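Notes for the structure review
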Amino acid sequence: MSTAARKIRLLMLLRRNGVTDVHVLRALELIPREAFVPGPFQDQAYEDTALPIGHGQTISQPLVVGLMSQALEITDRMKVLEVGTGSGYQAAILSKLARRVYTVERHRPLLQEAEARFHQLRLHNITARLADGMKGWPEAAPFERILVTAGGGAEPPPDLLAQLAPGGVMVIPLGADRRGQSVVRFRRTDTGIDREELWPVRFVPLLPDIAGEPARASGG
Ligand code: SAH
């Protein structure tokens, strides 16, 4: 089966499973997932499955990328923060939906590979950096949308909530252990923050600091 045929088959599967937003479907059609998948897994680029990208991390399952992108309710005027660049695939999808994408990764080699892909695909509205995404991106805040693509504790990191603009939406996998995670949507309203459980999911863990570069003790 040709790449084009595999891609159409995957898009139909995603639509059957709830990805119905035409902008999200178009973004999934435009971004070549094979460019984000390591060589040995090329033949699986259009299967609905997460795949290894090194450093114990994975490129997310296409259905999860589609549903999370849709849950964010992005428009092309918005500035979006993604935590967990990984392969860069989710950021590339977001770049077709939003005005500007900021994405943060804690593994330097993954970040560098993702940046090379953004450059090669001419996705010029993505800015990526090596940092602990739990702290957000204070200089670029506030964000109309925040997407966390690594799973964490029971509550979202406070710095991320603080960087959410009025009316802003954050989508994040939460849950203490990997079996018990679900995608949760937070919305900043006039009166506070609304919380909505969306669906069960399993993500690689959200971890503090930059990998292999432990935080320096202050005053040392
Ligand atoms: N969005 C990615 C897949 C995410 S995998 C894609 O489309 O390919 C989760 C990523 O989050 C991993 O690369 C992991 O290193 C990163 N990560 C985990 N904790 C982080 C943190 N605190 N700050 C930045 N990145 C983090």
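Structural data are supplied above this passage.
Position numbers for residues start from 1 in each chain and track the written sequence from start to end. Side-chain atom pairs in this predicted model are given and counted only at pLDDT of 80 or more, local residue features only at pLDDT of at least 70, and totals for whole chains, interfaces and linings cover all residues. Side-chain figures throughout are based on the complete set of non-hydrogen atoms in the structure, without hydrogens or water.

1. As for the sheet that holds strand β6 (residues 143–148)
Within a beta sheet, neighbouring strands are joined by backbone hydrogen bonds and run either parallel or antiparallel to one another. The strand order across the open sheet formed by 7 strands is β5-β4-β3-β6-β7-β8-β9, and the pairing between neighbours is mixed. At either margin of the open sheet sits one strand with a lone partner, and together these are β5 (126–130) and β9 (193–200). Geometrically, the sheet is characterised by an average inter-axis angle of 15° between neighbouring strands, direction not taken into account. Where strand β4 (residues 100–105) and β5 come together, 5 bridges link them in parallel fashion. By the bridge assignment for β5, Thr103 is matched with Ala128. A pair of strands is considered paired only if DSSP assigns at least 2 bridges between the two. Helical segments are the DSSP runs of H or I of at least four residues, strand segments are the runs of E of at least two, and each set is numbered from the N terminus. Inter-axis angles, ranging from 0 to 180 degrees, are taken between N-to-C directions of lines fitted to C-alpha atoms, where helices are fitted over the stretch in contact.

2. Some remarks on the side chain of Asp132
Along the chain, the position of Asp132 falls in the loop between β5 and β6. Under the scheme applied here, a residue whose accessible area is under 20% of the maximum for its type counts as buried, over 50% as exposed, and between as partly exposed, the area being computed with a 1.4 Å probe on protein chains only. By relative accessible area, Asp132 is classed as buried at 11%. Pairing of N or O atoms within 3.5 Å defines a polar contact, subject to two protein rules: one partner must be a possible hydrogen donor and the other a possible acceptor, and residues neighboring in sequence count only if both atoms are side-chain atoms. Side-chain polar atoms of Asp132 contact the backbone nitrogen of Met134, separated by 2.9 Å. Any two residues having at least one pair of non-hydrogen atoms within 4.5 Å are treated as being in contact. If we skip the residues at most four places from it in the chain, Asp132 touches Val104, Leu207, Pro208, Asp209 and Ile210.

3. Remarks on the packing of aromatic side chains
Put simply, two rings from Phe, Tyr or Trp (the six-membered ring, in Trp's case) pair if the centres are within 6.5 Å, and we call them stacked under 30 degrees between planes, edge-to-face over 60, tilted for the rest. Enumeration according to the criterion identifies 3 aromatic pairs in this entry. Judged by centre distance (5.6 Å) and plane angle (65°), the ring pair of Phe36 and Tyr89 falls under edge-to-face. On the criterion of sequence distance, the pair formed by Phe36 in the loop between α2 (22–30) and β1 (51–54) and Tyr89 in helix α4 (residues 89–95) is long-range, its members being 53 residues apart. No difference in accessibility class separates Phe36 from Tyr89, as the two residues are buried. Considering the side-chain rings of Tyr102 and Trp137, the 5.0 Å spacing of their centres and the 75° angle between planes classify their relative orientation as edge-to-face.

4. Digging into the site of the ligand
In the neighbourhood of the ligand, 27 residues make up the surrounding shell, with Gly84, Ser87, Glu105, Gly133 and Leu207 lying closest. Measuring from a nitrogen atom of the ligand, one finds a side-chain N or O atom of Asp132 at 2.9 Å. Gly133 places a main-chain nitrogen or oxygen 2.7 Å from a nitrogen atom of the ligand. Protein chains shield 99% of the accessible area of the ligand, which is 580 Å² for the free molecule. Breaking the shell around the ligand down by element, the ones donating at least two residues are β2 (57–59), α4 and β4. Grouping the amino acids of the shell around the ligand by side-chain chemistry returns 11 nonpolar, 12 polar and 4 charged. Put simply, a residue is near a molecule or strand once any heavy atom of it comes within 4 Å of that molecule or strand. Per-residue and other accessible areas were derived by the Shrake-Rupley procedure at a 1.4 Å probe size, with only the shown protein chains allowed to occlude residues. Residue type decides the class: Asp, Glu, Lys and Arg count as charged, Ala, Val, Leu, Ile, Met, Phe, Trp, Tyr, Cys and Pro as nonpolar, and the leftover types, Gly among them, as polar.

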